[in-house]
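Spelled out from the first residue to the last, the chains are:
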Amino acid sequence: MVTQAYRFALDPTPRQKQALCSHAGAARFAWNWGLDACRDRHDAEGKWWSGVELHRLWNQVKKTNPALGWWSENSKCVYQEAFRDLDRALRDFVRSRNGTREGRRLGFPRFKKRGRCRDSFRFGSGAMRCAGRTVTLPRLGTIATHESTRKLARRLGNGTARILSATVSRAAHRWFVSFTVQVDRTVPGRHARPGSAVGVDLGVKTLLTAVDDHGGVTEIAGPKALRAGLRKLQRLSKAHSRAQRGSANRAKAAGRLARHHARVANVRADALHKATTALAARYETVVVEDLNVTGMVANRRMARAVADQGFAAVRRMLKYKTGWNGGRLVVADRWFPSSKTCSGCGGRKPSLSLSERTFRCEACDLVLGRDVNAAINLRDLAASGAERRNACGGDARPGPAGQPPGKQEPGNRERGQDRDRRRASDGYPNSGYPYPLTFQVTVTS
């Protein structure tokens, strides 16, 4: 049993569009109302309401406050799910502040404003089903879709799927519904091509360069949708900024700008899905790098090109698609020198600038493309057994002598003076890295 999503584009009538906007506004109001109540209680008692407590408080207030007489126009699930989202956001904020949550540091939840936030709401219970080219949602009834829903309807009919929730959101001018479904998915016991492996190197000029176990090289050039539509984006942005605030022309300009952004995102997602699906279906073992995408985007000279390729989405898609096909995904360590290591003799260059697109080994006189050389090293890394599937584990990288290795997951490093004292006691300079910058790996060709 796996949990996955089925997303369909809706084709609502004008009255249904009005109902969708009403439900999105109700979810936004519930979030703001709950956040205001939590802030008031935190100022007085030093703690805030949980999601269940907010729902109970809302049930008491909505019947006594005349200003909330409109609440019955929308489904009760909209308010309940908004309180749950707020509770989750507050808990993630506390975990991020304490250092127990991975990823970037989160701030305190903010109030949502109409037109400045994403229109979205969710149903956690009620009549949720689909048939043909329609979907049925609580309080909204049957809504037509732009595409067929037979694939999900067939699974629901034969009992191999169960809908857990339905999230309705708007992107530009179009409404979407995403069903979170628990599916009894048939995963093959072994891959269709057992023993096959491929190393994938992601790049800016070329989306990915893959080298398989037979030496075949596959280069997939990304669509670079943002770069292709940059001139149109500048023109639409200028037209939007020049329109008067609050006018109808500004609303039309905002709609045109949003539709362009949505098209760029769709073109990028289509290319990434096609590339990752082909890799997962053809190779049993796929090896990728653990890239620091956040740090790469922080570089203003390459941020746009990196964001236009979608590096993080490639790894996320490969993670679940390889499992669906009976394969596995191997993530190389973030500090593994795939580009600096010679794929022929195993020699390592001390430095390699980004402008050098051809790798030249001084030891064995190997001349090879930079991305192809890195992909070969990644492919051989799976055969050498030097890495695990999760390279952030304790045995992914050797630690200081006489001490157990530590993790490298972002957000789990000690902060402040505790980190400095630990590094000083281990004999390492305070250089910003928890371990010495040396890495040993056995490369087999």
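For the structure itself, look to the data block above.
Residues numbered from 1 in each chain as written. Predicted model: local features only at pLDDT ≥ 70, side-chain atom pairs only at ≥ 80, totals over all residues. Heavy atoms only, no water.

Time to look at helix H10 (residues 311-324). For H10, built from 14 residues, the straight-helix expectation of 20 Å at 1.5 Å per residue is met to within 8% by its first-to-last C-alpha distance of 21 Å. Those residues of H10 that fall on the buried side of the exposure criterion are Phe311, Ala313, Val314, Met317, Leu318, Lys321 and Thr322. Where H10 is buried, its residues touch strand E8 (197-202), helix H7 (248-282), strand E11 (285-289), helix H8 (293-297), helix H9 (303-309) and strand E12 (328-332). (Helix = DSSP H or I, 4+ residues; strand = E, 2+ residues; numbered from the N terminus. Expected span 1.5 Å × (residues − 1). Buried < 20%, exposed > 50% of the residue type's maximum accessible area, 1.4 Å probe, protein only. Contact = heavy atoms within 4.5 Å.)

This paragraph deals with unusual backbone geometry. Although it is not a glycine, Ala172 adopts a positive phi angle of roughly 60°. Its location among the elements puts Ala172 in the loop between strand E6 (161-171) and strand E7 (174-183). Although it is not a glycine, Lys224 sits at a positive phi angle of roughly 50°. Mapped onto the secondary structure, Lys224 falls in the loop between strand E10 (217-220) and helix H5 (225-228). What makes Lys224 partly exposed here is its relative accessible area of 21%.

Turning to the sheet that holds E11, a few remarks are in order. Adjacent strands of a sheet form backbone hydrogen bonds with each other and so pair up, either parallel or antiparallel. Read across the open sheet, the five strands follow the order E10-E9-E8-E11-E12; overall the sheet is mixed. For this open sheet the edge positions go to E10 and E12, each flanked by a neighbour on one side alone. Taking the axes of each pair of neighbouring strands and ignoring which way they run, one obtains an average angle of 20° across the sheet. (Pairing = 2+ DSSP bridges. Axes fitted to C-alpha atoms, helices over the stretch in contact; angles between N-to-C directions.)

All right, on to the pairing of E8 then. Counting buried positions along E8 gives six out of six residues, so the element sits mostly inside the fold. Every second residue of E8 is oriented toward a common face, with Ala197, Gly199 and Asp201 on one face and Val198, Val200 and Leu202 on the other, all of them buried. Where E8 lies against E11, three bridges are found, and the strand directions are parallel. In the sheet register, Gly199 faces E11, and the bridge partner there is Val287. In this sheet, strand E9 (residues 208-212) lies alongside E8 in antiparallel orientation, the contact comprising five bridges. Paired with Asp201 across the bridge in E9 is Thr209. Hairpin connection between E8 and E9: a loop of five residues separates the two successive antiparallel strands.

Here we come to the packing of aromatic side chains. One pass over the structure, following the stated rule, counts 11 aromatic pairs. Between Phe29 and Trp58, the ring centres sit 6.3 Å apart and the planes meet at 65°, which makes this aromatic pair edge-to-face. Note that Phe29 is positioned in helix H1 (residues 14-45) and Trp58 in helix H2 (residues 51-64), a separation of 29 residues in sequence. Relative accessible area serves as the criterion here: at 30%, Phe29 is assigned to the partly exposed category. (Phe/Tyr/Trp six-rings, centres within 6.5 Å; stacked < 30°, edge-to-face > 60°.)

Turning to H2, a few remarks are in order. Each α-helix turn comprises 3.6 residues. Residues three or four places apart therefore point the same way. An ideal rise of 1.5 Å per residue puts 20 Å on 14 residues; H2 measures up with 21 Å between its terminal C-alpha atoms. Among the residues making up H2, those that are buried are Gly51, Leu54, Trp58 and Lys62. One side of H2 carries all its buried residues, which in axial view fall inside an arc of 60°. Facing away from the buried side of H2 by more than 90 degrees, the exposed set consists of Val52, Arg56, Gln60, Lys63 and Thr64. Those residues of H2 that are buried are in contact with H1 and helix H3 (76-98). (Arc of directions from axis to C-beta.)

General note: in soluble globular proteins, nonpolar side chains tend to be found buried as a group. In terms of nonpolar packing, the biggest core is built from 41 residues, with Phe121, Phe123, Leu137, Val168, Val177, Phe179 and Val181 touching the most fellow members. Elements that contribute at least two residues to this core include exactly strand E1 (2-11), H1, H2, H3, strand E2 (120-123), strand E4 (134-137), E6 and E7. At 10 residues, the largest contribution of residues to this core is made by H1. With sequence-adjacent residues up to four places away left out, Val181 is seen in contact with Val2, Thr3, Gln4, Tyr6, Leu152, Ala161, Arg162 and Ile163. In terms of nonpolar packing, the next biggest core, distinct from the first, is built from 20 residues, Leu272, Ala275, Val314 and Leu329 among them. (Core = buried A, V, L, I, M, F, W, Y, C linked by side-chain atoms within 4.5 Å.)

This paragraph deals with the sheet that holds E1. Reading across from one edge, E2-E6-E7-E1-E5-E4-E3 is the order of the seven strands in this open sheet, with antiparallel pairing throughout. The open sheet terminates on both sides in strands that have one partner only, identified here as E2 and strand E3 (129-131). Within the sheet, the average angular offset between the axes of one strand and its neighbour, ignoring direction, is 30°. Bridge count for E2 against E6 is four bridges, and the pairing is antiparallel. Following the sheet pairing, Phe123 is matched in E6 by Ala166. Contacts from H1 reach E2, strand E5 (141-145), E6 and E7 within the one sheet, and its direction differs from that of E2 by about 90°.

What follows deals with the side chain of Ser338. Turning to its location among the elements, Ser338 is positioned in the loop between E12 and strand E13 (358-360). Side-chain polar atoms of Ser338 contact the side chain of Glu289, separated by 2.7 Å. When neighbours within four sequence positions are excluded, Ser338 is seen to be in contact with Glu289, Asn373, Ala374, Asn377 and Leu378. (Polar contact = N/O pair within 3.5 Å; in protein donor to acceptor, adjacent residues only side chain to side chain.)

Moving on, we come to the pattern of salt bridges. The tally for this structure, following the rule as stated, stands at 16 salt bridges. Of the charged contacts, one joins Arg41 and Glu53 as a salt bridge, the two residues approaching to 3.3 Å between their closest N and O atoms. Taken together, the residues span a long stretch of sequence, with Arg41 in helix H1 and Glu53 in helix H2 at a distance of 12 residues. Taking the relative accessible area as the measure of exposure, Glu53 reaches 31% and is therefore partly exposed. The salt bridge involving Glu81 is made with Arg84; its shortest N-O contact spans 3.2 Å. Highlighted residues: Glu81 and Arg84, both in helix H3, separated by three residues, approximately one helical turn. Judged by its relative accessible area of 40%, Arg84 falls in the partly exposed class. Within this structure, Glu81, Arg84, Asp85, Arg88 and Arg122 form a network of salt bridges that share partners. (Salt bridge = Lys/Arg side-chain N within 4 Å of Asp/Glu carboxyl O.)

Running from N to C, helix H6 (residues 230-242) and H7 cross one another at 160°; their axes reach a closest spacing of 8 Å. Here H6 lies roughly antiparallel to H7, going by the angle between them. Between H6 and H7 lies a crossing of left-handed hand. Of the residues in H7, those touching H6 at Lys232, Leu233, Leu236, Ser237, Ala239, His240 and Ser241 are Arg250, Ala253, Ala254, Arg256, Leu257, His260 and His261. Across the contact of H6 with H7, the residue classes break down as six nonpolar, five polar and three charged. (Parallel < 35°, antiparallel > 145°, perpendicular 65-115°, else oblique. Left-handed = near helix turned anticlockwise from the far one by under 90°. Nonpolar A, V, L, I, M, F, W, Y, C, P; charged D, E, K, R; others polar.)

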